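# Close look at the chain arrangement
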Amino acid sequence: MFAQLTQHLPLTTFRRCVTRYWSAFKVKSFSCLDQFLCMAFAQLTFRESLRDIEACLHVESSKLYHLGIRSAAARNTLANANAVRDWRIYVDFAQSLIVFRSL
């Protein structure tokens, strides 16, 4: 169900938001899209902590490819991504989804 939900996301708009804030700079493996998908999955499954997110993603590791997530992220990777990456990416993307939905 998560994959069906995410297939309707305008990924070109998301990539445009990432480019606007230079957030893909020096990123090797855990992309902004992977971060977004992990956090969206966590939100939709009512996860309460990074440890809880990590445990849930590792349990579902055989299905992550079908969810659109390339690999299960460690707690430290999620924490660093949340701390370092510009939060305005996700604000801009959410606002574009609101505008997209209201059309």
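Preceding block: the structure.
The following paragraphs examine the structure supplied in this document. Note that the structure is a prediction, hence the values are computed from the model and not measured.

A separate point is the packing of helix α2 (residues 11–20) against helix α3 (residues 32–44). How two helices pack is summed up by the angle between their axes together with the distance between the axes. Relative orientation of the contacting elements α2 and α3 amounts to 115°, with a least axis distance of 10 Å. Considering how the two elements wind past one another, α2 and α3 form a crossing that is right-handed. For the pair α2 and α3, contact is made by Leu11, Phe14 and Val18 and by Cys32, Leu33 and Phe36, respectively. Broken down by class, the residue content of the contact of α2 with α3 amounts to six nonpolar, no polar and no charged.

The full count for this structure, using the stated rule, is zero disulfides. Sulfur of Cys32: no disulfide; nearest cysteine sulfur belongs to Cys17 and is 10 Å away. Looking at Cys38, it has no disulfide partner, and the nearest cysteine sulfur is the one in Cys56, 10 Å off. Here Cys38 falls in the buried class, since its relative accessible area comes to 0%.

Cut-offs and rules
- Residues numbered from 1 in each chain as written.
- Predicted model: local features only at pLDDT ≥ 70, side-chain atom pairs only at ≥ 80, totals over all residues.
- Heavy atoms only, no water.
- Axes fitted to C-alpha atoms, helices over the stretch in contact; angles between N-to-C directions.
- Helix = DSSP H or I, 4+ residues; strand = E, 2+ residues; numbered from the N terminus.
- Left-handed = near helix turned anticlockwise from the far one by under 90°.
- Contact = heavy atoms within 4.5 Å.
- Nonpolar A, V, L, I, M, F, W, Y, C, P; charged D, E, K, R; others polar.
- Disulfide = S-S within 2.5 Å.
- Buried < 20%, exposed > 50% of the residue type's maximum accessible area, 1.4 Å probe, protein only.

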